[in-house]
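# Coordinate analysis (summary)
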Amino acid sequence: MSADEEVVDPKKYLEESCKPKCVKPLLEYQACVKRIQGDDSGHKHCTGQYFDYWHCIDKCVAPKLFAKLK
Amino acid sequence: MKDTCHQIPKQLVIRREKAQDCVVEKLGSISFTLAHRPKRVIQSSCVKQPLCHRGTTIFSRFSISSSIVSVADLVVPFPGETLSLRCGLIWCEALIKMVGGGVIQQILRRKLHSPSLATPVRSWFSSKTAHVDTGSSGVRAFALLGAGVTGLLSFSTVASADEAEHGLACPDYPWPHDGILSSYDHASIRRGHQVYQQVCASCHSMSLISYRDLVGVAYTEEEAKAMAAEIEVVDGPNDEGEMFTRPGKLSDRLPQPYANESAARFANGGAYPPDLSLITKARHNGQNYVFALLTGYRDPPAGISIREGLHYNPYFPGGAIAMPKMLNDEAVEYEDGVPATEAQMGKDVVSFLSWAAEPEMEERKLMGFKWIFLLSLALLQAAYYRRLKWSVLKSRKLVLDVVN
């Protein structure tokens, strides 16, 4: 067995490393989470900010990911 | 040529008409000259425009604020734009130009009180457009402006529709087989088939692929035969009229996990795991979508709760998918020793699915390259030959003798 027992999923790793690039949408999402915290109606959600954040991350990760894969 | 281009300037038209008048007067004259061969004008400098654009150039010619380049041409095509949206934008702009032209003309008339300026402007306008009377033009201008504004608003609101309904847009990954002359990564197809067999085949059928299709693509003939022999296939009827089971052959299709759709739905909480033979062609941006979906299982955003039995996936339209996360690190042990991370398995299985949906891709690209090259040569040859034959007519001289 190779020495590399601990396999790190490259996608997770790149998503972590792309976080600094997408701070703005992340802060927007966190602000939204705080805003809807007290809501009990069940109608409020942060899908928009969530999508914006993950879209930013995806755009950052996509060009780099396949270079790390076989 | 009824498909007329509206760009023939009036001056040349008049000249042609004059020349034609002279020809009519001089019927019977053997030789006739055209002062300037309007060859360049007749041969359209007209660019092929969409219908809506051609119509609106008529409007824009009559407005004071018209310019050669329409503003709509400057709007860069954006993702999600359709022809109808662009036509809508062009028409709205034409309406606004018309309205703007009317408004500017009114302002000009009021500000410059000299009748000498107003009259030629007004006469020019009245000869061309219909709505010049000051009384109702204000109401009409407002109505047209309202139409333009609603047109603009309609195309701006399309982009902000409910995001979860369409799912998060998947990014474009740089697939190794994307280039114009790029083939599949066959090692990846082989690994992808292994992932399919061990992870996906328990729920998803691939009923259009046979074992023989894999020969030469992912496995040798012996390997494929051995794989086929592992499954049991119902065959028959035999001489006694009974169905029997036998080990699989190369000609058999990949096995189906469920007997029919109802059984599949019953086993999966009402959801039908779709057949994967054509899935990358059956979904928009299929390759990127399937990869994003398989590797995109995440916690739902704040405020979203998914019911029991479903799982959150932002790429799935609606967000709630029946399939749980199937690709986990080390779920499969690859024969060639490649570390089986989630992303690696996702890439391999999508390569396999791409091949399954488009096995002809490599041959198609080779053929495409070959025939585009040959047809380009044929085009050059045809162009030369056409110009050669037409040179006789194009270098002809016509003399129009004008009688005074």
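Residues numbered from 1 in each chain as written. Chains lettered and ligands numbered in written order. Predicted model: local features only at pLDDT ≥ 70, side-chain atom pairs only at ≥ 80, totals over all residues. Heavy atoms only, no water.

Under the annotation held in an unreviewed UniProt entry, chain B carries the name Cytochrome c domain-containing protein and is attributed to Brassica carinata. The UniProt entry for chain B carries this comment under Subcellular location (unreviewed entry): "Mitochondrion inner membrane". UniProt annotates chain B under Sequence similarities (unreviewed entry) with the comment "Belongs to the cytochrome c family." (UniProt positions renumbered as here; feature names shortened; annotations may be inferred.)

Chain A is annotated in an unreviewed UniProt entry as Cytochrome b-c1 complex subunit 6 of Brassica carinata. You can read under Function (unreviewed entry) in the UniProt record for chain A the words "Component of the ubiquinol-cytochrome c oxidoreductase, a multisubunit transmembrane complex that is part of the mitochondrial electron transport chain which drives oxidative phosphorylation."

The subject of this paragraph is a negative patch on the surface. A surface patch of negative charge is lined by A:Glu28, A:Asp52, B:Asp162, B:Glu163 and B:Glu165. Structurally, the position occupied by A:Glu28 is in helix H2 (residues 23-35). The exposure class of A:Glu28 is partly exposed, given its relative accessible area of 45%. (Patch = residues over 30% accessible without salt bridge, like charges linked within 9 Å, V, L, I, M, F, W, Y side chains within 5 Å. Areas by Shrake-Rupley, 256 points an atom, 1.4 Å probe, with all protein chains shown as cover. Salt bridge = Lys/Arg side-chain N within 4 Å of Asp/Glu carboxyl O. Lys, Arg positive; Asp, Glu negative; His and termini not counted. Charge placed at Lys NZ, Arg CZ, Asp CG, Glu CD. Helix = DSSP H or I, 4+ residues; strand = E, 2+ residues; numbered from the N terminus. Buried < 20%, exposed > 50% of the residue type's maximum accessible area, 1.4 Å probe, protein only.)

What follows deals with the UniProt feature "binding site: heme c" (unreviewed entry) in chain B. All names here are of chain B. Under the UniProt annotation, "binding site: heme c" (unreviewed entry) lies at Cys 200, Cys 203, His 204 and Met 323. In terms of the greatest pairwise C-alpha distance, the residues named above, spread along 124 residues, form a tight cluster of at most 10.8 Å across. Tracing the backbone shows Cys 200 in helix H9 (residues 186-200). When its relative accessible area of 16% is taken as the criterion, Cys 200 is described as buried. Discounting residues that sit within four places of it in the chain, Cys 200 has contacts with Val 195 and Val 349. (Contact = heavy atoms within 4.5 Å.)

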